[in-house]
Amino acid sequence: MIFEFLNPPFMQRALIAAVLVGITAPAIGIYLVQRRQALMGDGIGHIAMTGVGLGFLLSTSPVWMATAVAVAGAVVMELIRWYGHTRGDLALAMLFYGGMAGGVMLINLSDTGSNANLTSYLFGSLATVSESDVIAICVLAAFVVLVTVGLRRQLFAVSQDEEFARVSGLPVRVLNLLIAVTAAVTVTVAMRVVGLLLVSALMVVPVAAAQQITKSFKVTFVLAVVIGTAVTLTGTVTSYYQDVPPGATIVLLAIAVFVALTALAAPLARRRARASETKGAECTLEVPGARRERDDVRV
C-alpha cells in the first residue's frame, strides 16, 4: 500500500508532530534571521538538554520540563544581551555548554535515563513520540503560532530596527523577550522530531531558502512555512521507509531545497532585471518630447 506508513500509531503521532514542527520552526525563525540571531535556537537547544535530564531525574514529562528550563534560559540570554556588554559572549558560552553538560549528567544519574534516551532527544526519534508528547507539542505549537502570526507587525518592526520601534512607542524589551521565549518553546516543540542539536537548522534554512526567490516579508513567511512543512513530512516518511535518523534527513532535505532555490534565484533575478529595464524604456518613450527622439532614431 502507498500509504501504509499511516497505519502504525507511532507514525501517526510522528506525522502530527512533524507538521507542527514544520509550521512553528520557520514561523519564529524568520524573526531570528531578521535579528541576525540565527544560532539562538542552537544555544537554547543546549540549555533545554538540562530540562530533559531533570524530567528523567524527577520522573516527570521531559517535554514540559525542557520547556520550563529553555524559557528560563532564553530569559537569561536576553538579560545577558541587555547588560552583558563585553563579557556577554563568555557568559552565553558558559550557559550553553553548562546546559548540555548538565543534561547529560542528569540523564545518567536518573533511574530511567540511558544513552538511547539521550540520542533520541539530541537527534530526534519517530518511535519515541508518545501521546503525551503530541498533546504537549500541540499546546506549545498553538502558543507559537498565536505569537508569530498575531503579533507579526510588532515583531517585524522590532526585528528590523529596534530604535525606530522604540520611537514608535512599541515595548521593545517586552517584544524581544517574547521572541526569545517563543524561540525556546519552539525548540521543545521540535526536539522530538528533529532533535535538540538540529532544531536551529529548521528555524533558519527554510527561511533562507524562501528569501532566495521572494521580496516581501509576508511571502517569505508563508513560503518558509510551506518549505518547513514539506521537508518535515517528507523527512519523516523517508525515515520510516529507509530507517534513517529523522532529524538529519529533514535538515538535509531543507538544505537541498535551499540549494535548488539558490540555483533558481540567479536566472530569476536576471529575468526581473530585464523586465525592469524594458519597463523603464517604455516609460521613457512616453515622456513628452521623447516621441521626436524616437522618430530621429528610426530615421
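The structure displayed is predicted, hence computed values, not measured ones.

Here we look at the UniProt feature "transmembrane region" (unreviewed entry) in the protein chain
With numbering aligned to this structure, UniProt lists the feature "transmembrane region" (unreviewed entry) at residues 14-32, 64-83, 90-109, 134-152, 221-241 and 247-269. Taken end to end, residues 90-109 has its terminal C-alpha atoms 28 Å apart, with 100% of it in helix and 0% in strand. Span residues 134-152 is 95% helix and 0% strand, its end C-alpha atoms 26 Å apart.

Some words on helix α1 (residues 9-34)
Compared with an ideal rise of 1.5 Å per residue, which puts 26 residues at 38 Å, α1 spans 38 Å between its outermost C-alpha atoms and is within 8% of the ideal. Following α1 by one or two positions, R36 adopts a phi angle in the positive range, close to 60°.

Structural notes on the packing of aromatic side chains
As enumerated under the stated definition, the model contains six aromatic pairs in all. Their ring planes at 90° and their centres at 5.8 Å tell us that F56 and Y121 sit as a pair that is edge-to-face. With a gap of 65 residues between them, F56 in helix α2 (residues 40-57) and Y121 in helix α5 (residues 115-123) connect regions that are remote in the sequence. Given a relative accessible area of 4%, Y121 falls into the buried group. Aromatic side chains Y240 and Y241 sit 5.1 Å apart centroid to centroid with 75° between the ring planes, which places their arrangement in the edge-to-face category. A residue is classified by how much of its surface remains accessible, and Y241, at 39% relative accessible area, is partly exposed. An aromatic cluster is defined as three or more aromatic residues linked by ring pairs; in this entry it consists of Y31, F156, F217 and F221. R192 extends its terminal NZ or CZ atom over the ring of Y121, reaching a point 4.2 Å from the ring centre.

Let's talk about helix α7 (residues 152-160)
Every buried residue of α7 is listed here: L155, A157, V158 and S159. Looking at the buried residues of α7, the elements they touch are α1, α6 (131-150), α8 (162-167) and α9 (172-190).

Some thoughts on the pattern of salt bridges
Summed over the entire model, instances satisfying the criterion amount to three salt bridges. The residue D133 makes a salt bridge to R192 at a minimum N-O spacing of 3.2 Å. Taken together, the residues D133 in helix α6 and R192 in the loop between α9 and α10 (199-211) connect sequence positions 59 residues apart. Across this residue pair, the class does not change: D133 and R192 are buried.

Side note on unusual backbone geometry
With a phi close to 60°, R36 is a non-glycine residue in the positive phi region. Here S59, not a glycine, exhibits a phi torsion of approximately 60°, which is positive. Tracing the backbone shows S59 in the loop between α2 and α3 (62-83). Its relative accessible area of 64% is what places S59 among the exposed residues.

Reading guide: rules and limits
Residues numbered from 1 in each chain as written. Predicted model: local features only at pLDDT ≥ 70, side-chain atom pairs only at ≥ 80, totals over all residues. Heavy atoms only, no water. UniProt positions renumbered as here; feature names shortened; annotations may be inferred. Helix = DSSP H or I, 4+ residues; strand = E, 2+ residues; numbered from the N terminus. Expected span 1.5 Å × (residues − 1). Phe/Tyr/Trp six-rings, centres within 6.5 Å; stacked < 30°, edge-to-face > 60°. Buried < 20%, exposed > 50% of the residue type's maximum accessible area, 1.4 Å probe, protein only. Lys NZ or Arg CZ within 6 Å of the ring centre and 35° of its normal. Contact = heavy atoms within 4.5 Å. Salt bridge = Lys/Arg side-chain N within 4 Å of Asp/Glu carboxyl O.

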